[in-house]
Number of protein chains: 2
Amino acid sequence: MLKPDVIHLHNMNTTVIPDALKVACSNCNLRELCMPVGFNQDDMNKLDEVVATRRRVKQGSLLFSNGDPFSSLYAIRTGFFKTSVSAEDGREQVTGFQMAGEIIGLDGIVSEHHSCNAVALEDSDVCVMPFAKVEDLSREFPVLQRHVHKIMSREIVRENSVMMLLGNMRAEERLAAFLLNLVQRLHARGFSQSELVLRMTREEIGSYLGMKLETVSRTFSKFSEEGIIEVKQRYVRIITPDALKKIFNPQTCS
Amino acid sequence: MLKPDVIHLHNMNTTVIPDALKVACSNCNLRELCMPVGFNQDDMNKLDEVVATRRRVKQGSLLFSNGDPFSSLYAIRTGFFKTSVSAEDGREQVTGFQMAGEIIGLDGIVSEHHSCNAVALEDSDVCVMPFAKVEDLSREFPVLQRHVHKIMSREIVRENSVMMLLGNMRAEERLAAFLLNLVQRLHARGFSQSELVLRMTREEIGSYLGMKLETVSRTFSKFSEEGIIEVKQRYVRIITPDALKKIFNPQTCS
DNA sequence: ACAATTCTTTGACTTGCATCAAAGATTTCT
DNA sequence: AGAAATCTTTGATGCAAGTCAAAGAATTGT
C-alpha cells in the first residue's frame, strides 16, 4: 500500500534518543511550524535549549496518559498521534489527531497531571520540551512567549469548531469537514492536496466525530458512490473538493 | 422570582467605568478566582496594573464578537456570559457559560481577532486586561505567567470534556453533567449546592449540549417526575444529587 | 506461509432525538 | 395595566444514526 508520507523507525517502544541524533531547532525543517518566525541566529541558538531530548514512540504506544505527572510539552517531529479522554465507564472520546510540527501536552499544565492520552498512530519521533524551560525562555524572549500563547489559543479555537461539528452538524458534514481539515494540514506540510492515507481506523474517526464506525464507513461509501472521493480502505483521494466544501458549508460555494 | 446571586446594574449598554469606581485586584473579593495565590503586598500592587479599566455590559449585549480585533482578556466581576461560535449558514453553537471570576477572550490571541461571540446573559461588569500588559507582567512575575498558562490549559481541558459529552453521552447524561457542573461552580462562589436560577434559555442550554430546546425541556420534566430535581421555569432545585451523579456516571456512585 | 487477529463493509431492523404544532407562562414594552 | 414578544411545555409523528449481524479484506505474529 502507498504510504508516501511515512517514516518507519523500528525501535523499542519509547526510547530516549542519543545526543548524536539530537537535532537542533535551528536546523529543523519543521521550524516554521513549531517555532516563532523572525528570529536572528543568536536567539535561535539560545532557543535550541528548549528541546531537552527527543523520544521515539512506537506505533500503538502511549506518549503520556491520563494521570501521568506533567513535565513537558511535545513537538511532533515525525509521525502521527491521537489524543483522547475517557469516561469512568470506559467510553473513549478522541479529542484530536496531531501531525508533524504540532504540539501536544497542553492539557497537563493546569493540574500538573495529564488529563488525556496521547497514542502514536504510527512510529513517531517527538521533541521533549520541559515546560519549566519553555516558561523560562518565554520570559526572556517575548516572541517565544507570544508563540506559546498562540499555540494554546489555537487549540481553544480548534476545539470550539469541533464543538460546532459535534453539536450542530450531520454525519456527512462532519466527515466532509474532517477530510478537508486533514488534507489542508497535510498540504501545509508539502503533501498532496487531493490524496491522503488515513492513519486512524474508522472507529477512531467516528469517536472524534461523534458517530459510530458503521456510519463513518457508510458515509465514505456514499461520498464514493457520488463520485466525490475515491476510497480504498485507508487510502482516500478527493476527486471534487468543491463538492466536499459544499457539503460542509452550503453557503460559501456555488 | 428568587434571584439570590444577581446584582442588577441599570446602565447604558456597555460603558467604561470611571476611575472612581475602579477597584484594584488587591482588594477584590474575587482575587482568589482570578489571580494567582501566594503574593506579597508589593507584588499585588504592581499586579493591579493588569486591569486597565472596567466595563459594564448590559444584558443581551455583546462584550466582543467574531471578527473584532483582539486586544484584551476580560475577567468577569459580576454577571454571567455565554460564548458562541457561528457557522456561515447561521447555525450557532454555544461554547460555554462563564460566571464571576472566570476569564474570557482567550480565543482572540491566535489570530489577533476574536473568533467567538461573548454575550452578557445578565447585566455584567468585567475587568479589562490589555493582553500586552498581561504579557509584560507575566515576564516579570513567573507566578502570573504560570497562572495565565493554567487558565488557558483549564479551558482546553474543559473543552475536552464537552467533546466527551457531545460525542458520547445521551441527552439525560448531558443535562445531568451540565447541572452538576453549574451548581459546583456556583457553590465555589458561595452559593447554594442545591438551588440555582438558570441565566440561560432552554435553547441556549440545548445549543451548548447539542440538543434541541424541546429535548432539554422534556429531560427537565423527566428528572422532575422522577423526583431528582424540582423545576419551575428558570429555578432549579437539586433534590437528589446522587441520582444526578449516577445518571452522569453510573460507575462511581452506588 | 499460514493462522489469528483486527479492520471494513453492507444489510436489516430499532430507537433516541428532531421536527412540527399548539397552548400556556413569563417578560418586556408602551 | 394591557399588548406584544419571548420562552416553556407537551403531544404526535418522522428520520438519521445506532445496533446487531455476518462476510470479506488487510494486517500481524509465529
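Residues numbered from 1 in each chain as written. Chains lettered and ligands numbered in written order. Predicted model: local features only at pLDDT ≥ 70, side-chain atom pairs only at ≥ 80, totals over all residues. Heavy atoms only, no water.

Colleague: Help me understand the protein's contact with DNA strand D in this model?
Modeller: Inspection of the region around DNA strand D gives 18 residues, with A171(A), T215(A), R202(B), R218(B) and S221(B) positioned closest. The sugar-phosphate backbone supplies 64% of the atoms of DNA strand D found within 4 Å of the protein. Side-chain polar atom of T215(A) to a phosphate oxygen of DNA strand D: 2.4 Å apart, as the coordinates give it. In the model, a phosphate oxygen of DNA strand D is placed 2.7 Å from a nitrogen or oxygen of the R202(B) side chain. The element that contributes the greatest number of residues to the surface near DNA strand D is helix α7 (residues 213-225) of chain B, accounting for 5 residues. Partitioned by chemical class, the residues of the surface near DNA strand D number 3 nonpolar, 7 polar and 8 charged. (Near = heavy atom within 4 Å. Polar contact = N/O pair within 3.5 Å; in protein donor to acceptor, adjacent residues only side chain to side chain. Helix = DSSP H or I, 4+ residues; strand = E, 2+ residues; numbered from the N terminus. Nonpolar A, V, L, I, M, F, W, Y, C, P; charged D, E, K, R; others polar.)

Colleague: Looking at this structure, how should I read the relation of the copies chain A and chain B?
Modeller: Taken together, a rotation about one axis and a shift along it account for how the two chain copies relate. When chain A is fitted onto chain B, the two copies agree to an RMSD of 0.0 Å after a turn of 180 degrees and an axial shift of 0.0 Å. Here the symmetry operator amounts to a two-fold rotation axis. Of every C-alpha in chain A, the one belonging to R139(A) sits nearest the axis of rotation, 2.2 Å from it. Interface residue correspondence from chain A to chain B reaches 100%, placing this contact among same-surface, isologous pairings. (Least-squares fit on C-alpha atoms with pLDDT ≥ 70 in both. Contact = heavy atoms within 4.5 Å.)

Colleague: I would appreciate a short explanation of the protein's contact with DNA strand C in the present structure.
Modeller: Lining the immediate environment of DNA strand C, one finds 19 residues, of which R202(A), S221(A), A171(B), T215(B) and R218(B) sit closest. A share of 67% of the atoms of DNA strand C within 4 Å of the protein falls on sugar and phosphate groups. In this structure, a base nitrogen belonging to DNA strand C sits 2.9 Å away from a side-chain N or O atom of R218(A). In this structure, A171(B) approaches DNA strand C through a main-chain N or O atom, which is 2.8 Å from a phosphate oxygen. Those elements that provide at least two residues to the surface near DNA strand C are α7 (213-225) of chain A together with α7 of chain B. Taken together, the residues that form the surface near DNA strand C break down as 3 nonpolar, 7 polar and 9 charged.

Colleague: Explanation requested: the packing of aromatic side chains in the structure shown.
Modeller: Any pair of aromatic rings gets described here by the distance separating the centres and the angle formed by the planes. What the rule picks out here adds up to 12 aromatic pairs over all chains. Their ring planes at 20 degrees and their centres at 5.8 Å tell us that F64(B) and Y74(B) sit as a pair that is stacked. Here the residue F64(B) occupies a position in strand β3 (residues 62-64), and Y74(B) occupies one in strand β4 (residues 72-78), the gap between them amounting to 10 residues. This pair shows no difference in class: F64(B) is buried, exactly as Y74(B) is. Taken together, the ring pairs connect F80(A), F97(A), F178(A) and Y208(A) into an aromatic cluster. (Phe/Tyr/Trp six-rings, centres within 6.5 Å; stacked < 30°, edge-to-face > 60°. Buried < 20%, exposed > 50% of the residue type's maximum accessible area, 1.4 Å probe, protein only.)

Colleague: Any chance you could explain the pattern of salt bridges here in plain terms?
Modeller: Where side chains of opposite charge bring their charged atoms close, a pairing between them can arise. All names here are of chain B. Scanning all chains against the criterion turns up 37 salt bridges over all chains. The shortest N-O distance in the salt bridge between D242 and K245 comes to 3.9 Å. Of this pair, D242 and K245 are both found in helix α8 (residues 241-248), 3 residues apart, which corresponds to roughly one turn of the helix. On the accessibility criterion, D242 (53% relative accessible area) is exposed. (Salt bridge = Lys/Arg side-chain N within 4 Å of Asp/Glu carboxyl O.)

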